[in-house]
Amino acid sequence: MSGWAKDQGVEGSIIKFLGDTRSELAQALGVVLDHPGPMSVLGSPRCKRFSMLIDDGVIKTINIAAAENDPAGDDNPTVSLVDKMLADL
C-alpha cells in the first residue's frame, strides 16, 4: 500500500492507504464485490468502489458506486469521487 500512496503523492500525508487482504472490513461494511461478472475477471472477492467519510471514528456517510447493471461501479463512479465527498463535508 505504501507504493500506491507514493505513486498517488499522498505518502506522509494525513491520508492512509490500508489493505483488506481477507475482506474482513469489506464484509463488515457490506461492500464485498462478489457478482459473477467482475468475479470472472478478478478471481477472488474484492471490495466495491466506495468512499466513506469518517469523523472521530464514526462513519458519517458511505457512498457505494454500484448499480444492478454495473456491480463494479465502473460506468458511473461519481458517487464515490471527491466532489461527492466534499459535498458530504
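It should be emphasised that the depicted structure is a prediction, and the values quoted were computed from it without experimental measurement.

What follows covers the overall build of the protein chain. Within the protein chain, the secondary structure is distributed over 4 helices and 4 strands. Put simply, the protein chain runs from its N terminus to its C terminus through helices and strands in the order α-α-β-α-β-β-β-α. Judged by the C-alpha coordinates and their principal axes, the protein chain covers about 35 × 30 × 25 Å. By residue count, 22% of the 89 residues in the protein chain fall in the buried class. Taking the contacts inside the protein chain whose residues are at least 6 apart along the sequence as the reference set, 26% of them involve residues at least 24 apart. Total accessible area computed for the protein chain in this model is approximately 6,600 Å², and 53% of it derives from carbon and sulfur atoms.

Volume-wise, the largest pocket comes out at about 1,500 Å³. Taken together, 30 residues form the lining of the largest pocket, with Trp 4, Lys 16, Phe 50, Ser 51 and Met 52 sitting closest to its centre. The set of elements that each furnish at least two residues to the lining of the largest pocket consists of helix H2 (24-29), strand S2 (46-47), strand S3 (50-55) and helix H4 (82-88).

This part covers the pattern of salt bridges. Should their charged atoms come close, side chains of opposite charge can pair. Across all of its chains, the model carries 3 salt bridges by this definition. Arg 22 is paired through a salt bridge with Glu 24; the nearest N and O atoms lie 3.3 Å apart. Looking at Glu 24, the relative accessible area reads 48%, which means it is partly exposed. Notably, a salt bridge pairs Asp 74 with Arg 49, separated by 2.4 Å at the nearest N-O pair. Linking Asp 74 in the loop between strand S4 (58-64) and H4 with Arg 49 in the loop between S2 and S3, this pair joins segments that are 25 residues apart in sequence. For Asp 74, a relative accessible area of 48% translates into the label partly exposed.

Further remarks concern the packing of aromatic side chains. A complete count under the given rule lists 1 aromatic pair for this structure. Measuring from ring centre to ring centre gives 4.7 Å for Trp 4 and Phe 17, while their planes differ by 90 degrees; the resulting arrangement is edge-to-face. Of this pair, Trp 4 sits in helix H1 (residues 2-7) while Phe 17 sits in the loop between H1 and H2, and the two are 13 residues apart along the sequence. Relative accessible area serves as the criterion here: at 21%, Phe 17 is assigned to the partly exposed category.

For the rest of this paragraph, the subject is a nonpolar patch on the surface. Together, Ile 54, Ile 59, Ile 62 and Ile 64 line one region of the surface with nonpolar side chains, adding up to about 310 Å² of accessible area. If one sorts the elements of the nonpolar patch by residue count, S4 sits on top with 3 residues. Mapped onto the elements of the fold, Ile 54 is located in strand S3. The class for Ile 54 is partly exposed, based on a relative accessible area of 46%.

Quick notes on the rules
Residues numbered from 1 in each chain as written. Predicted model: local features only at pLDDT ≥ 70, side-chain atom pairs only at ≥ 80, totals over all residues. Heavy atoms only, no water. Helix = DSSP H or I, 4+ residues; strand = E, 2+ residues; numbered from the N terminus. Buried < 20%, exposed > 50% of the residue type's maximum accessible area, 1.4 Å probe, protein only. Contact = heavy atoms within 4.5 Å. Areas by Shrake-Rupley, 256 points an atom, 1.4 Å probe, with all protein chains shown as cover. 1 Å grid on protein atoms, 1.4 Å probe; cavity = no way out; pocket = protein on both sides within 12 Å on 5 of 7 lines; lining within 4 Å. Points joined across faces, edges and corners; volume = space filled by probe spheres on them. Salt bridge = Lys/Arg side-chain N within 4 Å of Asp/Glu carboxyl O. Phe/Tyr/Trp six-rings, centres within 6.5 Å; stacked < 30°, edge-to-face > 60°. Patch = residues over 30% accessible without salt bridge, like charges linked within 9 Å, V, L, I, M, F, W, Y side chains within 5 Å.

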